[in-house]
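# Structure assessment
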Amino acid sequence: MEKDIQLLPGYRVNEYLLVLPPPEELWNKIVKIKARFADTYQAANARWGKPHITLAKFVQYEMMEARIVNRLNIVGMGQRPFKIMLRDYGSFPSHTICIHVATKTPVQDLIKQVRSEGQRLMKLNDDHKPHFIMEPHLTVARNLQPWQYVKSWADYSNRQFTGCFIADSMLLLKRARNETAYQIVQRFAFRNLPVTTKQGELFG
């Protein structure tokens, strides 16, 4: 990444996340699960990582932000709110424990729409392309050490969890490369409106 900054000195590069946030009651429920995990398995990042379903993550010059926001606003305007069902726990061996998204298709369809309309704007260069999370999940803890993963998965693979909510918006988050906390750039409400955009204008 340092090479990218040297190419355009003085231009700020941010890390971005596009996410689906759960509503407050469910958010608080998952925060407690993450805090208990952090205490039990000495996994600090489980405590400070905020609950959400990640749609995409990318790095980009801040000067591109307004154009990206414009694209995502168009996606949100055309998107119909949809129900998300969360059920039980899953894992990505050997580093992540997560909550399953049982209703994957509507999330995946949204991700494909974001990818179609925003992929070029989100690409910094050939070495830093946007990453679209086509296996939607809600992270409990990630970057686990092997012992943390083995012990925690032996426990959480037998636990149950249920939750559901209506996804009616997505959030774009950002942080500077030397920061740990993300801040909200903008919320994009799902309005289910007819959106017509000429193909040649998609990346304008």
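First, a word on scope: everything that follows refers to the structure included in this document. Keep in mind that what you see is a predicted model, and the values were worked out from it rather than measured.

## Here's the deal with the environment of Ile-53
Mapping Ile-53 onto the fold places it in strand β2 (residues 53-61). By relative accessible area, Ile-53 is classed as buried at 0%. Counting along the chain gives 71 residues from Ile-53 to Leu-124, while the straight-line C-alpha distance between them is 23 Å. Those residues in contact with Ile-53 that sit more than four places away from it in its chain are Leu-18, Val-19, Leu-20, Ile-84, Leu-86, Val-101, Val-107, Pro-136, His-137, Leu-138 and Phe-165.

## Looking at the nonpolar core
One finds Leu-20, Phe-37, Ile-84, Leu-86 and Met-170 to be the most contacted residues of the largest nonpolar core, which totals 51 residues. Beyond its immediate stretch of four places on either side in the chain, Leu-20 contacts His-52, Ile-53, Leu-55, Phe-82, Ile-84, Val-107, Leu-110, Ala-167, Ser-169, Met-170 and Phe-190.

## Let's talk about the packing of aromatic side chains
Within the structure shown, the criterion is met by 6 aromatic pairs. Between Phe-37 and Tyr-156 the ring centres are 5.4 Å apart and the planes differ by 50°, which places this aromatic pair in the tilted class. Taken together, the residues span a long stretch of sequence, with Phe-37 in helix α2 (residues 24-41) and Tyr-156 in helix α6 (residues 146-156) at a distance of 119 residues. With a relative accessible area of 0%, Phe-37 lands in the buried category. Centre to centre, the rings of Phe-82 and Phe-190 are 6.1 Å apart; their planes meet at 15°, and the pair counts as stacked. With Phe-82 in strand β3 (residues 82-92) and Phe-190 in the segment after β9 (183-189), this pair connects stretches of sequence that are 108 residues apart.

## Examining the pattern of salt bridges
Tallying each qualifying case throughout the model produces 9 salt bridges. The salt bridge partner of Arg-12 is Glu-62, with a shortest N-O separation of 3.9 Å. With Arg-12 in the loop between α1 (2-7) and β1 (13-20) and Glu-62 in the loop between β2 and α4 (65-78), this residue pair connects regions lying 50 residues apart in the sequence. Since its relative accessible area comes to 27%, Glu-62 is described here as partly exposed. Notably, a salt bridge pairs Arg-47 with Asp-39, separated by 2.2 Å at the nearest N-O pair. The partly exposed category is assigned to Arg-47, whose relative accessible area is 46%.

## Points about α4
Between the first and last C-alpha of α4 there are 20 Å, a value that for 14 residues agrees with the 20 Å anticipated at 1.5 Å per step. Looking only at α4, the buried set comprises Glu-65, Ile-68, Val-69, Arg-71, Leu-72, Ile-74, Val-75 and Gly-76. Buried residues along α4 sit in contact with β1, β2, α5 (104-122), β8 (169-176) and β9.

Rules and cut-offs
Numbering of residues starts from 1 in every chain and runs along the sequence as written. Thresholds applied to this predicted model are a pLDDT of at least 70 for local features of residues and 80 or more for the giving and counting of side-chain atom pairs; totals over whole chains, interfaces and linings are not thresholded and use all residues. To obtain the side-chain values, all non-hydrogen atoms of the structure were included, while hydrogens and water were left out. Segments assigned H or I by DSSP are reported as helices when at least four residues long, segments assigned E as strands when at least two residues long, and all are numbered from the N terminus. Between buried and exposed lies partly exposed: a residue is buried under 20% and exposed over 50% of the maximum accessible area for its type, with that area taken using a 1.4 Å probe on protein chains only. Any pair of residues with heavy atoms lying within 4.5 Å of one another is described as a contacting pair. Joining through side-chain atoms within 4.5 Å is the link that ties buried Ala, Val, Leu, Ile, Met, Phe, Trp, Tyr and Cys residues into a set, and such a set is a nonpolar core. Working definition: rings of Phe, Tyr and Trp (its six-membered ring) pair if their centres are within 6.5 Å, and the pair is stacked with planes under 30 degrees apart, edge-to-face with planes over 60 apart, and tilted otherwise. For this document, the term salt bridge refers to a Lys or Arg side-chain nitrogen within 4 Å of an Asp or Glu carboxyl oxygen. A helix's residues, less one, multiplied by 1.5 Å, set its expected span.

Treat this as a map of the structure, not an account of what it does.
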